[in-house]
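# Structural description and commentary
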Amino acid sequence: MPIIDMHTHTVSKRVEPVVTGQYDPMEDPYRRDMSRESRTTDAEQGKLLPRLMLDVAVRREAMQRMGVDFQVIAPAPAQQHYWAGEELQVALSRIKNEDVTDDQAREKIARSEPESCESAWSGTGVD
């Protein structure tokens with residue numbers, strides 16, 4: 001039986017430049033409501049996790065060590081911009097979805113899988 005990690009995150013390098021200057025990051029509930037201990041933990045994880053979230057090969061190695069066959073990937077909490085209006089939310093969602101599918105496409109190419117990521121993801125997301 002396959003082992004599925006139902007809670008894992010990714011980040012998009014392209015999101016922050018889009019939202020910088022449009023809001024106060026400390027007003028985001030993710031950051032605003034953190035205890036001092038959580039802020040310390042978050043800062044430490046911020047040094048370790050980007051490589052895991054951005055490098056598919058590193059993610060695969062971690063999955064193999066944990067015996068995980070599949071992961072359900074969602075944007076990291078810090079990249080959930082609930083304050084944004086609909087037009088910006090759609091733009092941010094597209095960016096994040098494109099980056100996840102681009103990561104998966106690179107992984108498929110690296111593993112020489114015959115199916116294309118494009119066909120696997122066609123018709124999904126916000127139109």
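The structure reproduced in this document is the subject of the present report. Predicted, not measured: the structure shown is a model, and the values here were computed from it.

### Overview of the side chain of Asp28
Along the chain, Asp28 turns up in the loop between helix H1 (15–19) and helix H2 (29–32). One buried charge, Asp28, has no salt-bridge partner; the nearest side chain with opposite charge is Arg31, at 4.4 Å. Excluding its chain neighbours within four sequence positions, the residues that come into contact with Asp28 are Tyr23, Ala78 and Gln80.

### Things to note about the pattern of salt bridges
Side-chain pairs of opposite charge can arise where the charged atoms are in close proximity. Applying the stated criterion to the full structure yields 4 salt bridges. The salt bridge involving Arg14 is made with Glu98; its shortest N-O contact spans 3.0 Å. Of the two residues, Arg14 sits in the loop between strand S1 (4–10) and H1 while Glu98 sits in helix H5 (residues 86–110), which places them 84 residues apart along the sequence. With relative accessibility at 37%, the residue Arg14 sits in the partly exposed group. Judged by its relative accessible area of 39%, Glu98 falls in the partly exposed class.

### Some remarks on the nonpolar core
Among the nonpolar cores identified, the biggest contains 7 residues, and these are Val15, Val19, Tyr23, Ala84, Leu88, Leu92 and Ile95. Going through the elements one at a time, H1 and H5 are the ones with two or more residues in this core. With 3 residues, H5 is the single largest residue contributor to this core. Setting aside residues up to four positions removed in sequence, Leu92 forms contacts with Val15, Val18, Val19 and His81.

### Some remarks on the layout of surface pockets
Put simply, the second largest pocket is a space of about 540 Å³. If you trace the second largest pocket, you find 25 residues lining it, with Val11, Tyr30, Leu49, Met53 and Ala76 closest to the centre. Mapped onto the lining of the second largest pocket, the elements with two or more residues apiece are S1, H2, helix H3 (36–54) and helix H4 (56–66). When residues in the lining of the second largest pocket are grouped by element, the largest group, 8 residues, is from H3. Tallied by class, the residues present in the lining of the second largest pocket amount to 13 nonpolar, 7 polar and 5 charged.

### Let's talk about a nonpolar patch on the surface
Among the surface-exposed residues, Ile4, Met6, Phe70 and Val72 lie close enough to one another that they form a single nonpolar patch of about 410 Å² accessible area. Where the nonpolar patch is concerned, the elements lending two or more residues are S1 and strand S2 (70–75). One can find Phe70 in strand S2.

Thresholds, definitions, all that
Residues numbered from 1 in each chain as written. Predicted model: local features only at pLDDT ≥ 70, side-chain atom pairs only at ≥ 80, totals over all residues. Heavy atoms only, no water. Helix = DSSP H or I, 4+ residues; strand = E, 2+ residues; numbered from the N terminus. Buried < 20%, exposed > 50% of the residue type's maximum accessible area, 1.4 Å probe, protein only. Lys, Arg positive; Asp, Glu negative; His and termini not counted. Salt bridge = Lys/Arg side-chain N within 4 Å of Asp/Glu carboxyl O. Contact = heavy atoms within 4.5 Å. Core = buried A, V, L, I, M, F, W, Y, C linked by side-chain atoms within 4.5 Å. 1 Å grid on protein atoms, 1.4 Å probe; cavity = no way out; pocket = protein on both sides within 12 Å on 5 of 7 lines; lining within 4 Å. Points joined across faces, edges and corners; volume = space filled by probe spheres on them. Nonpolar A, V, L, I, M, F, W, Y, C, P; charged D, E, K, R; others polar. Patch = residues over 30% accessible without salt bridge, like charges linked within 9 Å, V, L, I, M, F, W, Y side chains within 5 Å. Areas by Shrake-Rupley, 256 points an atom, 1.4 Å probe, with all protein chains shown as cover.

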